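If you want the building blocks of each chain, they are given just below.
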Amino acid sequence: MKKVFLFVCISISAAFALPPVRPVLSPVEHLDTETVTNMPFTAWQRNLRDFTVNLSFVATPSNNVEIAFGTDTGPTGVSPVGDGELSSDECDLTVGWDCGSWFVEDGEKGDRFTAAPTGGCGLHDFILRIRLRHNGAIESARFLDNGTEVFAELAASAPAWLHAPAWNRIRVVGRGENVRVGENFSARITPDGGTLIMR
């Protein structure tokens with residue numbers, strides 16, 4: 001049985017007064033080659049103005065990589081202390097690659113927007129950059145694939161579900177034999193804030 005490894009390293013700057021976290025995804029042992037990790041995440045603090053999600057990896061017609069953001073509220077949905085994992089109904093925003101195309105998904109309504117990759121499959125650097133107002137509301141949005149604008153209509157409308165200050169957890173999922181050591185996944189909030197780096 002072929003095993004696929006995906007290592008994730010996360011560090012959060014001292015501005016959040018949080019110690020570095022360096023989880024490692026378990027080896028894939030099932031035929032669906034899926035590997036998943038969940039971790040705490042701070043989506044916004046006062047004076048943080050830029051929220052950036054970055055996916056950099058070799059995209060193929062058969063692999064899948066996604067980062068989901070949401071609020072972990074626990075099994076009852078009202079407890080302030082969650083169960084440590086984002087369930088499907090707790091994922092407000094999911095961004096990623098799915099078997100040949102980029103996608104951005106609104107977790108509440110289930111709406112999924114897709115875009116063809118710039119230049120086909122291969123090494124890609126996908127960036128979602130959200131500019132925030134002083135109160136955490138969205139000011140503008142951009143989507144870039146290897147430096148080329150994608151999801152133009154979604155960027156122009158900049159819907160509110162692209163960011164929520166209350167998000168407290170992130171879920172990373174990888175599927176496929178090409179999801180392995182060397183890929184980079186990150187989510188950052190700047191300036192004068194913290195940086196979450198998955199490598």
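A brief structural summary. All values reported here derive from a predicted model rather than from experimental measurement. (Residues numbered from 1 in each chain as written. Predicted model: local features only at pLDDT ≥ 70, side-chain atom pairs only at ≥ 80, totals over all residues. Heavy atoms only, no water.)

### A word on the packing of aromatic side chains
Test applied: Centres within 6.5 Å make a pair out of two Phe, Tyr or Trp rings, where for Trp the six-membered ring is used; the pair is then stacked when the planes are under 30 degrees apart, edge-to-face when over 60, and tilted otherwise. Put simply, DSSP H or I for four residues or longer makes a helix, DSSP E for two residues or longer makes a strand, and each gets a number counted from the N terminus. Partly exposed residues are those whose accessible area sits between 20% and 50% of the maximum for their type, while under 20% is buried and over 50% is exposed, using a 1.4 Å probe and protein chains only.
Across all of its chains, the model carries 11 aromatic pairs by this definition. Summarising the aromatic geometry, the rings of F113 and W161 are spaced 6.0 Å apart at their centres and angled 15° between planes, so their arrangement reads as stacked. Placement of F113 in strand β6 (residues 112-115) and of W161 in the loop between α1 (152-157) and β10 (169-175) is noted, with a sequence separation of 48 residues between them. Residue classification places W161 among the buried residues on the basis of a relative accessible area of 19%. Pairwise contacts between aromatic rings join F57, W97, W102, F126, F143 and F151 into one cluster.

### A word on the pattern of salt bridges
How we decide: The term salt bridge refers to a pairing of a side-chain nitrogen on Lys or Arg with a carboxyl oxygen on Asp or Glu at a separation within 4 Å.
All told, the structure shown has eight salt bridges when counted by the stated rule. Between D50 and R131 there is a salt bridge whose closest N-O contact spans 2.9 Å. Note that D50 is positioned in strand β2 (residues 50-59) and R131 in strand β7 (residues 122-132), a separation of 81 residues in sequence. The salt bridge involving R133 is made with E139; its shortest N-O contact spans 4.0 Å. Exposure remark for R133: the relative accessible area of 39% places this residue in the partly exposed category. When its relative accessible area of 37% is taken as the criterion, E139 is described as partly exposed.

That's the geometry; what it means functionally is another story.
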